[in-house]
Amino acid sequence: MIAKLTGRLDSSGAGHAVIDVGGVGYLVEASARTLDALGPVGGEVTIHTEMLVGEDFLRLLGFAKAEERDWFRLLTSVQGVGAKVALAILSALEIGDLQRALASGDSAMIARANGVGPKLAQRITHELKDKAGALGGIAGSGAALSATAGPLGDAVAALTGLGFKPGEASAAVAAASEELGAAASLDALVRIALKKAAK
């Protein structure tokens, strides 16, 4: 939805923004990262939305990027993770950091988010470890990593072809890309990624 930001209400972690669409104001819940990305009050914004409908509520959630919305959906697929907890996780962690935490099984990193205890963080890590790679989007040197993204995507495909899980392959290739730089060849990426994945 393209609209105008007319107000912002911040709380710890996630918060709310009021979005004016054709003269109608919508209260949108969002992560702290989305609130930061929206820019100044009065400016035009593009926001990706998700509507939650229950017996006695209707909630509109907003995301600066479609990728963040996809991660919200994935997080809320875990039992015990509602909208508030998912937004807190997306507020506390960059998407690349979240994917690396899941791929490496680092539940302590996920537990940094408000309202996420050690047990819930372990459940999230366990349930999403294999699904994390499917979303792609690890940020390595600022580049998005996906299954079709040139040498990075080819390197991930090579590692998954060797039996690594998608999340492990994505994390290893992202780390290799950060070490080698954007101009790295496929051979070099695969060689370094294999070393990192084997650790």
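Residues numbered from 1 in each chain as written. Predicted model: local features only at pLDDT ≥ 70, side-chain atom pairs only at ≥ 80, totals over all residues. Heavy atoms only, no water.

Trainee: Would you mind going over the overall build of the chain in detail, with residue names and values included?
Mentor: Of regular secondary structure, the chain possesses nine helices and eight strands. Here the contacts in the chain between residues at least 6 apart in sequence split such that 52% fall between residues at least 24 apart. Split by element, the accessible area of the chain, about 9900 Å² in all, is 53% carbon and sulfur. (Helix = DSSP H or I, 4+ residues; strand = E, 2+ residues; numbered from the N terminus. Contact = heavy atoms within 4.5 Å. Areas by Shrake-Rupley, 256 points an atom, 1.4 Å probe, with all protein chains shown as cover.)

Trainee: Can you tell me about the side chain of Ser107, naming the residues and giving the values?
Mentor: Within the element layout of this structure, Ser107 appears in helix H5 (residues 107-110). Taking relative accessible area as the criterion, Ser107 reaches 19% and is therefore assigned buried. In contact with Ser107, not counting residues within four places along its chain, are Ala121, Gln122 and Thr125. (Buried < 20%, exposed > 50% of the residue type's maximum accessible area, 1.4 Å probe, protein only.)

Trainee: If you had to explain the nonpolar core to someone new, which residues and values would you point to?
Mentor: Ranked by internal contacts, the top residues of the largest apolar core, which has 29 residues, are Leu75, Ile89, Leu98, Ile110 and Ile124. Those elements that provide at least two residues to this core are strand S6 (58-63), helix H2 (66-75), helix H3 (83-92), helix H4 (95-104), H5 and helix H6 (118-128). Per-element tally for this core: the top contributor is H3, with seven residues. Residues contacting Ile124, with those up to four places away along its chain left out, are Leu75, Val78, Val81, Ile89, Leu102, Ile110 and Lys129. Ranked by size, the runner-up nonpolar core spans 13 residues in total, among them Leu152, Ala155, Ala169 and Ala172. (Core = buried A, V, L, I, M, F, W, Y, C linked by side-chain atoms within 4.5 Å.)

Trainee: Describe the pattern of salt bridges, listing the residues and the values that go with them.
Mentor: Applying the stated criterion across every chain, the model contains seven salt bridges. With a shortest N-O distance of 3.1 Å, Arg100 and Asp97 are connected by a salt bridge. Residue Arg100 and its partner Asp97 are located together in helix H4, separated by three residues, close to a single helical turn. According to the relative accessible area criterion, Arg100 is partly exposed, its value standing at 24%. Exposure remark for Asp97: the relative accessible area of 29% places this residue in the partly exposed category. A salt bridge links Glu179 to Lys196; its shortest N-O distance comes to 2.9 Å. In this pair, Glu179 is assigned in helix H8 (residues 166-180) and Lys196 in helix H9 (residues 186-198), connecting sequence segments 17 residues apart. (Salt bridge = Lys/Arg side-chain N within 4 Å of Asp/Glu carboxyl O.)

Trainee: How would you explain the pairing of strand S2 (residues 15-21) if you had to name every residue and give the values?
Mentor: The pairing of S2 with strand S3 (residues 24-30) spans seven bridges and is classified as antiparallel. Bridge pairing in S3 places Asp20 opposite Gly25. Where S2 folds back onto S3 in an antiparallel hairpin, the turn is made up of two residues, including Gly22, whose phi is positive at roughly 60°. (Pairing = 2+ DSSP bridges.)

Trainee: Quick rundown of the pairing of S6? Include the residues and the values.
Mentor: As judged from the three bridges shared by S3 and S6, these two strands associate in the parallel manner. Counted as the bridge partner of Ala30 is Gly62 from S6. Sheet analysis places strand S5 (residues 48-53) next to S6, joined by six bridges and oriented antiparallel. Bridge pairing links His48 to Phe63 in S6.

Trainee: Quick one: what's the story with the environment of Leu52, residue by residue and with numbers?
Mentor: Assignment of secondary structure puts Leu52 in strand S5. Residue class for Leu52 comes out partly exposed when judged on its relative accessible area of 22%. In this structure, Leu52 is in contact with Phe57, Leu58, Arg59, Leu61 and Ala83, ignoring residues within four places of it in sequence.

Trainee: How would you sum up the packing of H4 against H8? Please name residues and give values.
Mentor: At a closest axis distance of 8 Å, the pairing of H4 and H8 adopts a crossing angle of 125°. On the basis of the axis angle, H4 is oblique to H8. Judged by the sense of rotation from one axis to the other, the crossing of H4 with H8 is left-handed. Between H4 and H8, the contacting residues are Gln99, Arg100 and Ala103 on the first element and Gly167, Glu168, Ser170, Ala171, Ala174 and Glu178 on the second. Across the contact of H4 with H8, the residue classes tally to three nonpolar, three polar and three charged. (Axes fitted to C-alpha atoms, helices over the stretch in contact; angles between N-to-C directions. Parallel < 35°, antiparallel > 145°, perpendicular 65-115°, else oblique. Left-handed = near helix turned anticlockwise from the far one by under 90°. Nonpolar A, V, L, I, M, F, W, Y, C, P; charged D, E, K, R; others polar.)

So far we have only geometry, and geometry alone does not tell us how the molecule works.
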